[in-house]
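As a plain string of letters, each chain reads:
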Amino acid sequence: MESCINVEKEIEKVLTKFGAFNDHVGRTLTELIEYVQGIQKEFNEAPMTNEVSAAQALILTQCAKRVKDVVASMATEHRDLHGTVSKVGKAIDKNFVADFASTSNEEVFQGPENVKLLNQVISEHFLRQGMLDIAEELIKETGLQMEQQKREPFSELNRILDALKRRDLEPALAWAQTNRSKLIEQSSSLEFRLHRLHFIELLQQGVFKQDEAITYARKNFQHLANQHEKDIQVLMGCLLYLKQGVQNSPYSYLLDPIHWAEICDIFTRDACALLGLSVDSPLAVCTNAGCIALPALLNIKQVMQQRLVTGVWNTRDELPIEIDLGRKCHFHSIFACPILRQQSSENNPPMRLVCGHVISRDALHKLANGSKLKCPYCPVEQNPSDAKLIHF
């Protein structure tokens, strides 16, 4: 945090100088333009002659010299800004370590199978982002065998999302109606929200669309009445305010643009759930998790070097410290041994005792006395070999 504050101070200096330079240049140029326009006005009002008088020549010489001096002064001040900007780069180099080699494991990406998996993850990320041309080119150059049926869902999702961003509901409604039974199974409100947005669009056009809005409601809200009865009642209440405008009624909150942003998120979540995909790209999740964890790993690396205990982190398959990446990166249950207060790992997995209590393998070995083991939570005695490895 201290490193960020130090860099921020240098950035503030740059912004302050740029702001002052911008104000000064603006005032100076304005004064110079007014000065030149004043001279031009005097020349226009003077009698027209073929020759320039000595006084006029002197005025022009002074004007040219003033313009030249102003330009030179501004160029000098602008050059001075370069030094201030360069200090930001020096502050970043001084406060942040650029050597990430000690926190990475290049062997993970070695081998044809690992390279293939990495290219596949990157290709799927491009497909998710709608960068179809880039994804197709990467698949072609890397020789990936990705079936067309695996690519089509991404193309369809991006096409529908683009339409929703343009406030075109037709593609999304067609998709929701086609997958209605599956969406009902996962208790999705997507179809109702799409119909609600279309209904509100009709209401915004006033009394001229009243009959069309009522017809639309009868046709599309009937099968949704059981799940969204109260919401439909609210929509029907909007009909009472068509003359004065829904925007001037107690239901004006229905016109908030946030509903259009929400429908994009809801469609993405429900569509990914229906297709068995994660909402966020796995590549984006890994990259974000790495960005969060990297500062802590660099700090622990420096501490280990200062205390001459670099050998403690002898394997890169397991982090030397626990790093909380936030709830967004919690994808599965994490078991911590209640005896040793350590998080389970491949080398120290959770073990289920005969009595049903679970402890780590290291705790099991420490509590075992030959062929006898007494559960630390209940008086049941058992053989340590009877403990079963469990997976969360």
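Because the structure is a prediction, the values reported are computed rather than measured. The written sequence of each chain sets the order in which its residues are numbered from 1. Local features are withheld for residues below a pLDDT of 70 in this predicted model, meaning they are given only at 70 or higher, and side-chain atom pairs are given and counted only at 80 or more; totals for whole chains, interfaces and linings count all residues. Hydrogens are left out, water is left out, and the side-chain values use all remaining heavy atoms of the structure.

Novice: Just checking my understanding: could you explain the overall build of the protein for this structure?
Specialist: Looking only at helices and strands, one finds 13 helices and five strands in the protein. A radius of gyration in this sense is built from C-alpha atoms; the matching globule rule multiplies 2.2 Å by the number of residues raised to 0.38. For 392 residues, the compact-globule estimate of 2.2 N^0.38 gives 21 Å, and the C-alpha radius of gyration of the protein, at 35 Å, exceeds that figure by more than 25%. Along the first, second and third principal axes, the C-alpha atoms of the protein reach 120 × 80 × 50 Å. In this scheme, a residue with accessible area under 20% of its type's maximum is buried, one over 50% is exposed, and one in between is partly exposed, where area comes from a 1.4 Å probe on protein chains only. Expressed as a percentage of the 392 residues in the protein, the buried residues total 29%. Note on definitions: a residue-residue contact is assigned when non-hydrogen atoms from the two residues lie within 4.5 Å. Long-range contacts, defined here as pairs at least 24 residues apart, represent 55% of the contacts in the protein between residues at least 6 apart. Strands here are runs of E lasting at least two residues and helices are runs of H or I lasting at least four, both read from the DSSP assignment and numbered beginning at the N terminus.

Novice: Would you mind going over the domain arrangement of the protein with me for this structure?
Specialist: Size of an interface: often given as the accessible area lost when the parts come together. Examined at the domain level, the protein breaks down into domain 1 (1-45 + 55-95), domain 2 (130-141 + 151-275) and domain 3 (336-389). Where each domain begins and ends follows an automated or database-derived domain assignment. Inter-centroid distance (C-alpha atoms) of domain 2 to domain 3 is 53 Å.

Novice: Can you help me understand empty space enclosed by the protein in this one?
Specialist: Take a probe with the size of a water molecule and roll it over the atoms, and the empty space left behind shows itself. Cavities and pockets are found on a 1 Å grid laid over the protein atoms alone: a cavity is a set of points where a 1.4 Å probe fits but cannot escape, a pocket is an open set with protein on both sides within 12 Å along at least five of seven lines, and a lining residue has an atom within 4 Å of such a point. Grid points are joined across faces, edges and corners, and a volume is the space filled by probe spheres set on the points. Across all of its chains, the model carries one cavity of 30 Å³ or more by this definition. Roughly 40 Å³ of volume is contained in the largest cavity. Around the largest cavity, the lining residues are Arg193, Arg196, Leu197, His259, Glu262, Ile263 and Ile266. Contributions of two or more residues to the lining of the largest cavity are made by helix H8 (190-204) and helix H11 (258-275). Per-element accounting of the lining of the largest cavity gives the leading share, four residues, to H11.

Novice: In this structure, what is going on with the sheet that holds strand S1 (residues 350-352)? I would like to understand it.
Specialist: Strand pairing in a sheet relies on backbone hydrogen bonds. The paired strands run either parallel or antiparallel. Think of it this way: DSSP has to see at least two bridges between two strands before they count as a pair. Taken in spatial order, the three strands of this open sheet run S2-S1-S5, and their pairing is antiparallel. Of all the strands in the sheet, just strand S2 (358-360) and strand S5 (388-389) have a single pairing partner and so form its edges. Both S1 and S5 contribute to a ladder of two bridges, which runs antiparallel. In the sheet register, methionine 351 faces S5, and the bridge partner there is leucine 389.

Novice: Looking at this structure, I do not really get the layout of surface pockets. What am I missing?
Specialist: Estimated volume of the second largest pocket: approximately 630 Å³. Taken together, 25 residues line the second largest pocket, and the ones lying closest to its centre are Arg128, Gln129, Val279, Asp280 and Ser281. Mapped onto the lining of the second largest pocket, the elements with two or more residues apiece are helix H3 (112-128), helix H5 (148-165), H11 and helix H12 (282-306). With six residues, H5 is the largest single contributor of residues to the lining of the second largest pocket. Polar here means any residue other than Ala, Val, Leu, Ile, Met, Phe, Trp, Tyr, Cys and Pro, which are nonpolar, and Asp, Glu, Lys and Arg, which are charged; Gly is therefore polar. Residue composition of the lining of the second largest pocket, by class: 13 nonpolar, seven polar and five charged.

Novice: Please explain the pattern of salt bridges as it appears in this structure.
Specialist: Side chains that differ in charge, positive against negative, can pair when their charged atoms come close. A pair is scored as a salt bridge if a Lys or Arg side-chain nitrogen falls within 4 Å of a carboxyl oxygen belonging to Asp or Glu. What the rule picks out here adds up to five salt bridges. Between lysine 65 and aspartate 69 there is a salt bridge, with the nearest N and O atoms lying 3.1 Å from each other. In this pair, lysine 65 and aspartate 69 both sit in helix H2 (residues 54-95), four residues apart, roughly one turn of the helix. A salt bridge links arginine 180 to glutamate 191, with the shortest nitrogen-to-oxygen separation between them at 2.7 Å. You can see arginine 180 sitting in helix H7 (residues 180-185) and its partner glutamate 191 sitting in helix H8, a full 11 residues away along the chain. For arginine 180, a relative accessible area of 28% corresponds to the partly exposed category. With a relative accessible area of 7%, glutamate 191 lands in the buried category.

Novice: Would you explain the packing of aromatic side chains in this entry?
Specialist: The description of two aromatic rings rests on the distance between their centres and on the angle between their planes. Any Phe, Tyr or Trp ring, taking Trp's six-membered ring, that has another such ring centre within 6.5 Å forms a pair; planes under 30 degrees apart are called stacked, those over 60 apart edge-to-face, and the others tilted. Here the structure, examined in full by the defined rule, presents four aromatic pairs. Considering the side-chain rings of phenylalanine 199 and phenylalanine 221, the 5.7 Å spacing of their centres and the 65° angle between planes classify their relative orientation as edge-to-face. A residue pair is termed long-range when its members are at least 10 positions apart, and phenylalanine 199 in helix H8 and phenylalanine 221 in the loop between helix H9 (210-220) and helix H10 (229-237) qualify at 22 residues. Here phenylalanine 199 and phenylalanine 221 have matching classes, each one buried. Taken together, a centroid distance of 5.9 Å and an interplanar angle of 65° make the contact between tyrosine 241 and tyrosine 251 edge-to-face. Here the residue tyrosine 241 occupies a position in the loop between H10 and H11, and tyrosine 251 occupies one in the loop between H10 and H11, the gap between them amounting to 10 residues.

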